[in-house]
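# Reading the structure
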Amino acid sequence: MDTPPKSEPLFGTGQFHCVELTFDDVPRLQRFLEANPEYYLAVNGCSPGPDEAREEFESLLPAGWSYKKRWVLGFFDEQESMVGAANVISDLFAAGIWHIGLFMVATTLHGRGVAQILYEHLESWMRENGALWLRLGVVEGNLRAERFWENSGYLDIRKRQGVEMGKRMNTLRVMAKPLAAGSVSEYLALVARDRPESQ
């Protein structure tokens, strides 16, 4: 059994709970990423690098991208074993726009409904903390991820081609989900980057 994370849980699902990871958790996160390389193989064409977890904390957003906070989150079971990880950015580009940069669940739990349970609670937590729109990018051809986000209510906003990710050049489906009664045109009025005519 792993040592419990130092942070207090942000929310729980019954069997699982979510905490904000700190830089002290880099070794734990790195072990999890290396034990579950399927996401990286699918989108980057290679396994996670030796500093993958550190980069989750230290990598910078592009110049000019405004935001409130970056969250690196870990999901744990009752034995304090890590079962999932996420990277979330609050108020990206505009207040109320939350971006999910990473959401992954241990491979051994695929097909058991765990990802949906964890995501639904994550979404509720983001809503409770001010999210009005959720945004993410999914690599075209990563069929498991595409189905998951479509089934979770996300809408296609635009595509970005020629996105370099690891050893691959990918087409990225930019998707968004309203948490209130918002329209796509209202979203695009807030996020100029996602308008079809933007570069």
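Residues numbered from 1 in each chain as written. Predicted model: local features only at pLDDT ≥ 70, side-chain atom pairs only at ≥ 80, totals over all residues. Heavy atoms only, no water.

The next subject is the packing of aromatic side chains. Summed over all chains, the structure comprises 17 aromatic pairs. Taking 6.1 Å as the distance between ring centres and 40° as the angle between the ring planes, the aromatic pair formed by Phe11 and Trp125 counts as tilted. With Phe11 in strand 1 (residues 9-12) and Trp125 in helix 4 (residues 114-128), the pair connects residues that are 114 residues apart, well separated along the chain. Accessibility expressed as a relative area gives 6% for Trp125, which makes it buried. Sitting over the face of the ring of Trp71, Lys69 holds its NZ or CZ atom 3.7 Å from the ring centroid. (Phe/Tyr/Trp six-rings, centres within 6.5 Å; stacked < 30°, edge-to-face > 60°. Helix = DSSP H or I, 4+ residues; strand = E, 2+ residues; numbered from the N terminus. Buried < 20%, exposed > 50% of the residue type's maximum accessible area, 1.4 Å probe, protein only. Lys NZ or Arg CZ within 6 Å of the ring centre and 35° of its normal.)

All told, the structure shown has 10 salt bridges when counted by the stated rule. The shortest N-O distance in the salt bridge between Glu20 and Lys69 comes to 3.3 Å. Residue Glu20 is located in strand 2 (residues 17-20), and its partner Lys69 is located in strand 3 (residues 69-76); the two are separated by 49 residues in the primary sequence. Given a relative accessible area of 22%, Glu20 falls into the partly exposed group. With relative accessibility at 29%, the residue Lys69 sits in the partly exposed group. Two residues, Lys159 and Glu140, come together in a salt bridge whose shortest N-O distance is 2.4 Å. (Salt bridge = Lys/Arg side-chain N within 4 Å of Asp/Glu carboxyl O.)

Examined against the element boundaries, Ile89 turns out to sit in strand 4 (residues 82-90). Residues Ile89 and His99, spaced 10 residues apart in sequence, show a C-alpha to C-alpha distance of 5.1 Å.

As a further point, take the nonpolar core. In terms of nonpolar packing, the biggest core is built from 45 residues, with Phe75, Phe103, Leu122, Met126 and Trp149 touching the most fellow members. Sorting the residues of this core by element identifies strand 2, helix 1 (26-35), strand 3, strand 4, strand 5 (97-105), helix 4, strand 6 (133-139) and helix 5 (143-151) as the ones contributing at least two each. Ile97, Trp133, Val174 and Val191 belong to the second-largest nonpolar core, a separate cluster that totals nine residues. (Core = buried A, V, L, I, M, F, W, Y, C linked by side-chain atoms within 4.5 Å.)

Counting buried residues along strand 8 (residues 168-178), eight of its 11 residues qualify, which places the element largely inside the surrounding structure. Note that strand 6 and strand 8 share seven bridges and pair antiparallel. Residue pairing across strands places Val139 opposite Leu172, the latter belonging to strand 8. Counted along the chain from strand 7 (residues 155-165) to the antiparallel partner strand 8, the turn is two residues long, and its residue Gly166 has a positive phi close to 60°. (Pairing = 2+ DSSP bridges.)

A few words on the sheet that holds strand 5. Sheet architecture is open: eight strands sit in the order 1-2-3-4-5-6-8-7, paired in mixed fashion. The open sheet is flanked by strand 1 and strand 7, the only strands paired with a single partner. Neighbour-to-neighbour, the strand axes of the sheet open up by a mean angle of 25°, direction not taken into account. Inspection of the sheet shows strand 1 paired to strand 2 by three bridges, in the antiparallel sense. The partner of Pro9 across the bridge, within strand 2, is Val19. Here helix 5 sits on the sheet in contact with strand 5, strand 6 and strand 8, set at roughly 160° to strand 6. (Axes fitted to C-alpha atoms, helices over the stretch in contact; angles between N-to-C directions. Contact = heavy atoms within 4.5 Å.)

What is shown is where atoms sit, not what they do.
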